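What follows is each chain in one-letter form.
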Amino acid sequence: MRRCFVLLALLVVSCARDAGRDTAGEWRGVLQQKRAAMAPGATAAEKQAYADALAAFVDRNPSHSRGREIYRRIQIDFARDLGALGRYQDAIRVYRAVLAHDPRNADAERGLAEAVDRLAVTRAKLVQLERGMSQHDVARILGKPIPGWTEKKERPDATIDAWYYRTADGGVAGVYFRDGALFAAEEKSHEKLVPLTR
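Just so it is clear, the model here is predicted, and its values are computed rather than measured. (Residues numbered from 1 in each chain as written. Predicted model: local features only at pLDDT ≥ 70, side-chain atom pairs only at ≥ 80, totals over all residues. Heavy atoms only, no water.)

S.K.: Now, about the overall build of the chain: what can you tell me, with residues and values included?
M.R.: Check the secondary structure of the chain and you find seven helices and four strands. Taken from the N to the C terminus, the helices and strands of the chain come in the order α-α-α-α-α-α-α-β-β-β-β. Going through the 198 residues of the chain one by one, you find that 31% of them count as buried. Of all intrachain contacts in the chain linking residues separated by at least 6 positions in sequence, the fraction that spans at least 24 positions is 40%. Carbon and sulfur atoms provide 55% of the accessible area of the chain, an area that totals close to 12,900 Å². (Helix = DSSP H or I, 4+ residues; strand = E, 2+ residues; numbered from the N terminus. Buried < 20%, exposed > 50% of the residue type's maximum accessible area, 1.4 Å probe, protein only. Contact = heavy atoms within 4.5 Å. Areas by Shrake-Rupley, 256 points an atom, 1.4 Å probe, with all protein chains shown as cover.)

S.K.: Tell me about the environment of Gly143, and please be specific about residues and values.
M.R.: Summarising the element assignment, Gly143 is placed in the loop between helix 7 (135-142) and strand 1 (150-154). Sequence spacing of Gly143 and Tyr165 is 22 residues, and the spatial spacing of their C-alpha atoms is 9.3 Å. Gly143 has contacts with Tyr88, Arg118, Val138 and Tyr165, leaving out every residue within four places of it along the chain.

S.K.: How would you summarise the pattern of salt bridges if you had to cite specific residues and measurements?
M.R.: Taken as a whole, this structure holds 14 salt bridges when the rule is applied. The partner of Asp102 in a salt bridge is Arg72, with the nearest N and O atoms 4.0 Å apart. Here Asp102 is found in the loop between helix 4 (88-101) and helix 5 (106-119), whereas its partner Arg72 is found in helix 3 (residues 65-84), with 30 residues between them in sequence. Taking relative accessible area as the criterion, Arg72 reaches 15% and is therefore assigned buried. (Salt bridge = Lys/Arg side-chain N within 4 Å of Asp/Glu carboxyl O.)

S.K.: Pulling in residues and values, what's your account of the packing of helix 4 against helix 5?
M.R.: In contact at an axis separation of 9 Å, helix 4 and helix 5 are set at 155 degrees when each is read in the N-to-C sense. One element, helix 4, and the other, helix 5, form an angle in the roughly antiparallel class. Where helix 4 crosses over helix 5, the handedness of that crossing is left-handed. Only Asp107, Ala108, Glu109, Gly111, Leu112, Ala115, Val116, Arg118 and Leu119 of helix 5 make contact with helix 4, whose side of the interface consists of Tyr88, Gln89, Ala91, Ile92, Tyr95, Arg96, Val98 and Leu99. (Axes fitted to C-alpha atoms, helices over the stretch in contact; angles between N-to-C directions. Parallel < 35°, antiparallel > 145°, perpendicular 65-115°, else oblique. Left-handed = near helix turned anticlockwise from the far one by under 90°.)

S.K.: Tell me what's going on with the side chain of Arg118, and back it up with residues and numbers.
M.R.: Secondary-structure assignment places Arg118 in helix 5. Comment: no salt bridge for buried Arg118; closest opposite-charge side chain is Glu114, at 4.8 Å. Ignoring any residue separated from it by four or fewer positions in sequence, one finds Arg118 in contact with Tyr88, Lys125, Ala139, Arg140, Ile141, Leu142 and Gly143. (Lys, Arg positive; Asp, Glu negative; His and termini not counted.)

S.K.: Which residues make up the side chain of Gln75, and what values go with them?
M.R.: The residue Gln75 is located in helix 3 in this model. The buried category is assigned to Gln75, whose relative accessible area is 17%.

S.K.: Tell me about the packing of helix 2 (residues 44-60) against helix 3, and name the residues and values.
M.R.: Between helix 2 and helix 3, the least distance of the axes is 10 Å, while the angle of their chain directions is 135 degrees. One way to sum up the angle between helix 2 and helix 3 is to call them oblique. For the element pair helix 2 and helix 3, the recorded crossing hand is left-handed. Between helix 2, through Tyr50, Ala51, Leu54, Ala55 and Val58, and helix 3, the contact on the second element is made entirely by Gly67, Arg68, Ile70, Tyr71 and Ile74. Looking at side-chain class alone, the contact of helix 2 with helix 3 contains eight nonpolar, one polar and one charged residues. (Nonpolar A, V, L, I, M, F, W, Y, C, P; charged D, E, K, R; others polar.)

Have a look at this one:
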């Protein structure tokens, strides 16, 4: 009977060692993908391959703390990139996914709060704008508009850019630039009633 327990114990220990070696080998493969993704001149495909390899590794090895930590960091960086493109709803989804697994992640909490804040503009944000501000200055206050919510009109005397934003009450606000400098902002945009081509 003791021999059975000893053999069973040896079998369990050897299986645990094999599982550890398999995880370590797989982790080294992920790290090789990382080297390729972080190399100068790395392509988007190489970066995506690293993110996919890391995601698959974390799915197969959810108890690997270092893998989970790095994957969450990549998810937060991705959410920031989405926010920088004006894709706040997508950023919110990614931040929430991180918080579902790590409810105390301060970076994800801050990013989520910022993305929610930037999702819709308020009157308080619009009154912070000043005539002559650059597009960069406006984007710092309001965020960049959602892709497809901009319009550019080339005129003989100036280039007019219009940025549109959702408002908290479900309307659309408009911010207008002449040659890159802010000249008007509307809380309720009436683009069809007052076109920029006047």
